[in-house]
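Structural features, examined
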Amino acid sequence: MSDAIKARDAVDLTNCDREPIHIPGAILPHGAMLVLECETLRVLQAAGDLEGLLGQPLAELLDRPIDKLFSTAQVNRLHALCKEIDLAKPRHLLDPLFRVVADRPLDASAHRVDGNLVIEFEAAEMSDPFAADPLAAVQIMIDGFGDAASLYDLCQMATESVRRVAQYDRVMIYRFMADGSGWVIAESRTPELAPFLDLHYPAADIPQQARALYLKSWLRLITQVDYDPALLTPTLNPRTGKPLDMSYAILRDVSPIHREYLRNMGIDASMSISIIVAGKLWGLIACHHNSPRLLPRHLRAVCELFGSMFSLQLEAREKSEQFEARLASRKILQDLMLNLAGVEDYAYGLTQQTPNLLDYIHGGDIALDGARGGGVAVRVAGEIIFLGTTPSREQITALTTWLTSYMTETEGVFATDRLSEIYPPGKAFSNVASGLLVIAVSRDPSDFILWFRPELVETALWAGDPAKPVTTGPSGDRLSPRKSFEVWKHTVRNRALPWSAAETDSAFDLRVSLLEVVLRRIEAASRERAKAHERDRLLMAELDHRVKNTLANIQALVTQSSRSAESLTLFVEGLDRRIHSMAKAHSLLTQSRWEGVSVDGLLREELDAYGPVPGVVSLEGADAVLTPKSALALSLALHELATNAAKFGSLTAVAGRVAVRWQIRDDGGLGLSWTETNGPRVEPPTRRGFGSSLIERALALETGGRATIHYKPSGVVCDIVLPKSSLVELSAPPPAATEVTLLNNGSNSRALPANPKILIVEDSYLVLTALKIMCEDLGWEVVGPATRLGEGLALARSHAFDAALLDVNLDGEMSWAIADVLRARQIPFAFSTGYDQSNILPEHLAGTLVLAKPYRIDDVERRLRTMMAEGSNPAMA
């Protein structure tokens, strides 16, 4: 084989993935770029149409300060941008903020890279009807979203909305598939263009590093394919000695390979808007134009905002559809479990009654005669029961033998739509079982439930042969974009309809339910199932209410923020911050299973970012837990107060401080005060904005409380009062009452030993270390420590000590035996545990002091001192 052939065979699709598209060293020629040193605002690098847009040649700008180019107000704004904490992504600065030539409208953007400020300029298009009111374009684009009957209807509406405002010849929604390829699922185009709808594109058409940039920047514009890039001068940044990272640059030069790709498609201009769902690149809104097209900056900002809002809407729709599918499966699951009450053999009950396992998770689409495709098999104790179309008994037996070893690292659920690729014997029955979904009911014996899906022979329509040809040029071997985009048919075999997330979740639910039912008596399980059915119904109804209520709140925030925002930029920033504040509160509520959120936790979550230096933010107050509704309302109010303090108030000054104090009022409600000091002088506002309404009106409406803002010259003060109904009433832990009784029983008190000895039995290294440090600081002696039951028993029987602290669960063994020894020796002891204290102790140890984990070390010290002083504990009585 020749070297040339070997070199050709070595080339693969990763060539495109290695192209350094984030450091092109050039920009699109219609714009201009200045790279400024933040400390001096000296021009380090420049590129583009500097004379046409800024009225200055390169020589007059490079290595010079910009005070002669910009006005004093503009220079001050640049200094402020240099000081901002988070400016990694470009901020739009629409005309006339940075216009430098009176008769030349100029749009700009700014972001920071490696400590430098990057300013990008483009001519502003003031004749566009949306130039004066960009938000009107946003309202036009999102109009009717709520009426879309399905996710794909929503996608089609999105393509039409973008094309109506952006005026491109073709707008598509390009969805990324699991294998990285793309699929055009919606399209709006001019009538003379051939449709791209339903075409597939190989994964290599959009390399990995390009996808990474799409996650960073919502929008990418190519004004025309044929152009001469404007080189950045000098090539390397004189301050860093490195090429400029243009990952976030709006004017970043386009990859030559991508331009060649577009040229081969007959496209002269394009724009891509990212669709990001759950932090992942779901797809793109791809816009094509057959002639040069320079979309004005304000419309790009509109499209960027639309992409963000469409992504949120898409994510909500997908979750809603999954939620509805889950509700339906839960209903069938309840019926399945109720049916098992009357049979001893659960394999028979799941397959021979109605509903059955194929009703719960189907194996394929419904045929014209109404028959359901696919099949299911239940293997219990070596016996197999079939339903539907399945492999033979011998084939299933061999498959389950393989699954016994293959599924050791799974959570008991396994799914694939291409079984023969990981289990080669599966090719023999791929016509009936290319897809497999399995749950392991038990390991010994190996009992499984297996759903089978038949082979789905699919002919996909590709935009040309997805294999890229190899060409040799001055840069060596590389993959060139294909020139043919004729429809190319590709037949896929040995694949099945993929299992959805809802189906795998349903399989997991069934496994959990079977583990609960099969391992207990069926009669006892039937009584519990009826109760569980009602609990699930209420749970699902409540969850449905919360999902819809959250969507309604987000919709209201969009509307109110757009009305009060002074610009598109402020609207985007304000909406983003408020949604993130709601997300933080939701996270705290999720952690507590929506039972409530502590005031202290809510404040720390909201204010942690503003207090990296100790003392900047101080919190002090009593233990109090808010109801979910009150927590959400208060979180938004705190967010508005914190944002105002960071923008205009005390957090803008080095010496500025914020103090938050709260207490339980005499009427059982909560009183909270927010006080700012050492900031700039405060003047009462001339008008009330949306933020003030959220603080004063929303709190009153949502909680029945009140909030009053005082604009004192020394700083903003906000007094908040919440009624008793806004707090969750916490029951007092039983040990506290017992401890008080012992403290008041002076007859049993005795002097604390001079150097107490404490037996510590604990199997957590970190907890044990903290306890040992506490004892060392107090001059107490640690006996042991013991980390296992046997070690603890030996120490309890043979050593002398004054008190003991016992972990309840020692690597799976309970410490009751150690407690029995200590009771017999009349040595006081306490338990520590993360279990629910109300029912963990056996009856004969009921009343023993229990310290709940996580605990405060000073509380442990206080309780141990009390116990040693009393010389006993309730369980010893």
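Residues numbered from 1 in each chain as written. Predicted model: local features only at pLDDT ≥ 70, side-chain atom pairs only at ≥ 80, totals over all residues. Heavy atoms only, no water.

**Remarks on the packing of helix 7 (residues 151-166) against helix 10 (residues 297-339)**
Taken N-terminus to C-terminus, the directions of helix 7 and helix 10 make an angle of 175 degrees; their axes are 11 Å apart at the nearest point. Classified by the angle their axes make, helix 7 and helix 10 are roughly antiparallel. Residues Leu151, Leu154, Cys155, Ala158, Ser161, Val162, Val165 and Ala166 of helix 7 form the contact with helix 10, whose participating residues are Leu299, Cys303, Phe306, Phe310, Gln313, Leu314, Arg317, Glu318 and Glu321. Considering only residue class, the contact of helix 7 with helix 10 consists of twelve nonpolar, two polar and three charged. (Axes fitted to C-alpha atoms, helices over the stretch in contact; angles between N-to-C directions. Helix = DSSP H or I, 4+ residues; strand = E, 2+ residues; numbered from the N terminus. Parallel < 35°, antiparallel > 145°, perpendicular 65-115°, else oblique. Contact = heavy atoms within 4.5 Å. Nonpolar A, V, L, I, M, F, W, Y, C, P; charged D, E, K, R; others polar.)

**Thoughts on the nonpolar core**
Membership of the largest hydrophobic core comes to 37 residues, with the highest contact counts inside it found for Ile173, Met271, Ile285 and Phe310. Elements that contribute at least two residues to this core include exactly helix 6 (134-142), helix 7, strand 7 (170-176), strand 8 (182-189), strand 10 (219-222), strand 12 (269-277), strand 13 (280-289) and helix 10. What Ile173 contacts, discounting residues up to four positions off in sequence, is Cys155, Ala158, Thr159, Trp183, Val184, Ile185, Ala186, Ile275, Trp282, Leu284, Ile285 and Phe310. Counting residues in hydrophobic clusters, the runner-up holds 33 residues, among them Val616, Ala624, Leu638 and Leu722. (Core = buried A, V, L, I, M, F, W, Y, C linked by side-chain atoms within 4.5 Å. Buried < 20%, exposed > 50% of the residue type's maximum accessible area, 1.4 Å probe, protein only.)

**So, the packing of aromatic side chains**
Following the criterion strictly, the structure yields ten aromatic pairs and no others. Seen from their ring centres, Tyr174 and Phe176 are 5.5 Å apart, and the 85 degrees between their planes marks the pair as edge-to-face. Phe176 carries the same exposure label as Tyr174, and that label is buried. The interplanar angle of 15 degrees and the centroid separation of 6.0 Å between the aromatic rings of Phe306 and Phe310 together place this pair among those described as stacked. Of this pair, Phe306 and Phe310 both sit in helix 10, four residues apart, roughly one helical turn. According to the relative accessible area criterion, Phe306 is buried, its value standing at 1%. Phe310 sits in the buried class, given a relative accessible area of 0%. An aromatic cluster is present here, built from Trp402, Tyr406, Phe414 and Tyr423 joined pairwise through their rings. (Phe/Tyr/Trp six-rings, centres within 6.5 Å; stacked < 30°, edge-to-face > 60°.)

**Considering unusual backbone geometry**
A cis geometry characterises the amide bond from Asp95 onward to Pro96, with omega recorded as 15 degrees. Relative to the helices and strands, Pro96 resides in the loop between strand 4 (91-93) and strand 5 (106-113). Between Thr233 and the following residue, Pro234, the backbone shows a cis peptide bond with an omega angle of -10 degrees. When you line up the elements, Pro234 lands in the loop between strand 11 (230-231) and helix 9 (256-265). Positive phi is not limited to glycine here, since Ala278 has a value of about 55 degrees. The residue Ala278 is located in the loop between strand 12 and strand 13 in this model. The exposure class assigned to Ala278 is exposed, which follows from its relative accessible area of 59%.

**Here's the deal with the pairing of strand 10**
Residues Leu219 and Leu221 point to one face of strand 10 and Arg220 and Ile222 to the other, with burial holding for every one of them. Bridging between strand 10 and strand 12 involves four bridges; their strand directions are antiparallel. Looking at the pairing, Leu219 lines up with Ile273 of strand 12. (Pairing = 2+ DSSP bridges.)

**Describing the sheet that holds strand 29 (residues 715-722)**
What holds strands together in a sheet is hydrogen bonding between their backbones, with the strands either parallel or antiparallel. Spatial strand order, 24-26-27-29-28: five strands in an open sheet with mixed pairing. Across the chains shown, the open sheet's two edge strands, defined by having one partner strand only, are strand 24 (617-621) and strand 28 (706-712). On average, adjacent strands in this sheet sit at an angle of 10 degrees to one another, irrespective of strand direction. With five bridges connecting them, strand 24 and strand 26 (residues 657-664) associate as parallel partners. For Ser618, the partnering residue across the bridge sits in strand 26 and is Ala659. Each of strand 27 (670-677) and strand 29 is contacted by helix 20 (residues 628-647), which is oriented at about 10 degrees to strand 27, the strand it contacts most.

**Topic: the sheet that holds strand 14 (residues 375-380)**
Read across the open sheet, the five strands follow the order 15-14-18-17-16; overall the sheet is antiparallel. Both outer strands of the open sheet, strand 15 (383-388) and strand 16 (413-416), are each paired with one neighbouring strand and no more. Mean inter-strand twist for the sheet, computed between neighbouring axes without regard to direction, equals 10 degrees. Where strand 17 (residues 435-442) meets strand 18 (residues 447-453), seven bridges bridge the pair, whose relative direction is antiparallel. Within the sheet, the bridge partner assigned to Gly435 lies in strand 18 and is Arg453. Of the strands in this sheet, strand 14, strand 15, strand 16, strand 17 and strand 18 touch helix 13 (residues 393-406), which is tilted by about 115 degrees from strand 18.

**As for the environment of Pro723**
Examined against the element boundaries, Pro723 turns out to sit in the loop between strand 29 and helix 22 (734-744). For the pair Pro723 and Leu670, spaced 53 residues apart in sequence, the C-alpha separation works out to 6.5 Å. Excluding its chain neighbours within four sequence positions, the residues that come into contact with Pro723 are Gly669, Thr703, Gly704 and Gly705.

Spatial relationships are all this shows, so hold off on functional conclusions.
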